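Chain by chain, the residues run as shown.
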Amino acid sequence: MPFKPVNHIIAEATGLPPISAPLYEYIMAGNGLFIRAKRDVMSATIPLCKHKIIGLPAVTPELTTSFDKVPEEIMRRILTVAEDTAKEGLESLFYLWLKAGAWQLEIPPQIRAHKTVEPCEKGAGSPYERAIIEIHSHHEWDDVFSDDDDRDETGFRIYGVIGHVNPARHYRPSINLRLGVYGNWWPLPAARVIEMPPWLRDRNSKEG
Ligand SMILES: [Zn+2]
């Protein structure tokens, strides 16, 4: 049989089969079109478009993870570095990965600029490759993903952007997380995967 990286599924009342596609699967359901995928430490089903289709059962969006939340101590270290580079008007990049189930913060070699931050390396065995959560900071700007971010963030991992972290200008630290599934995104409340420092605001929290 030819290699088939993507499956196309129509939801049935008997439920969905386990994920079997090596990359991802499209699901046509009674409440729209979804994409789902799984990797070592998580699986996800996220909506691509909402539309009622009579006769098909609905699918519930979900994120299932096998890891603990990122400790608050790590998040505080991220904010400290983000604030230091924000004072110079620069962005910063942070990778979070798991070593024997424990979260590790890695600040990879990177090229920092005012509108971008790029890792020096993206190949096999690089910090980029092992990241499960990828966060960058936007100095005094808002915690909104830019067009460049959308272009770059096309893997299956959790992406985050931190805004308003320049202590000298509009200081009001906030975070915006999204689950990325190969170029499609789903907003994620930060407390779902991070132990939040109390002063860090969450764009996707109902409490604001
Ligand atoms: Zn950005």
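In case you missed it, the structure is sitting above this.
The shown structure was predicted, so the numbers you read here are calculated from the model rather than taken from an experiment.

Calculation criteria
- Residues numbered from 1 in each chain as written.
- Predicted model: local features only at pLDDT ≥ 70, side-chain atom pairs only at ≥ 80, totals over all residues.
- Heavy atoms only, no water.
- Pairing = 2+ DSSP bridges.
- Helix = DSSP H or I, 4+ residues; strand = E, 2+ residues; numbered from the N terminus.
- Axes fitted to C-alpha atoms, helices over the stretch in contact; angles between N-to-C directions.
- Buried < 20%, exposed > 50% of the residue type's maximum accessible area, 1.4 Å probe, protein only.
- Contact = heavy atoms within 4.5 Å.
- Core = buried A, V, L, I, M, F, W, Y, C linked by side-chain atoms within 4.5 Å.

So, on to the sheet that holds strand S1 (residues 6–10). Reading across the sheet, the five strands line up as S1-S2-S3-S4-S5 and stay open at both edges, with mixed pairing between neighbours. The open sheet has two edge strands, S1 and strand S5 (62–65), and neither has a second partner. Averaged over all adjacent pairs, the angle separating strand axes in this sheet is 20 degrees, with direction ignored. Across four bridges, strand S4 (residues 42–50) lies against S5 in antiparallel orientation. By the bridge assignment, Ala44 is partnered in S5 with Leu63.

Turning our attention to the pairing of strand S3 (residues 32–39). With five bridges joining them, strand S2 (residues 24–29) and S3 adopt antiparallel strand pairing. Within the sheet, the bridge partner assigned to Met28 lies in S3 and is Leu33. A loop of two residues connects S2 with S3, the two strands running antiparallel in sequence. Of the pairings in the sheet, the one linking S3 to S4 comprises eight bridges and is antiparallel in character. In the strand pairing of S4, Ile35 is matched with Ile46. Hairpin connection, S3 to S4: the antiparallel pair is bridged by two residues.

The next subject is the environment of Pro187. With respect to the helices, strands and loops of the structure, Pro187 is situated in strand S13 (residues 184–188). Exposure remark for Pro187: the relative accessible area of 51% places this residue in the exposed category. As for Pro187 and Tyr95, which are separated by 92 residues in sequence, their C-alpha atoms are 19 Å apart. If sequence neighbours within four positions are ignored, Pro187 has contacts with Leu177, Arg178 and Asn204.

Here we come to the nonpolar core. With 39 residues, the main nonpolar core has Ile135 and Ile175 as its most contacted residues. Those elements that provide at least two residues to this core are S3, S4, helix H1 (72–86), strand S6 (92–99), strand S7 (102–106), strand S10 (133–137), strand S11 (156–163) and strand S12 (174–181). Among residues more than four places away in sequence, those in contact with Ile175 are Met75, Ile135, Asp143, Val161, Ile162, Ala190, Ile194, Met196, Leu200, Arg201, Asp202 and Arg203. Formed by six residues, the second largest nonpolar core is a distinct cluster that contains Ile9, Ile27, Phe34 and Val59.

Just distances and angles here, no functional claims.
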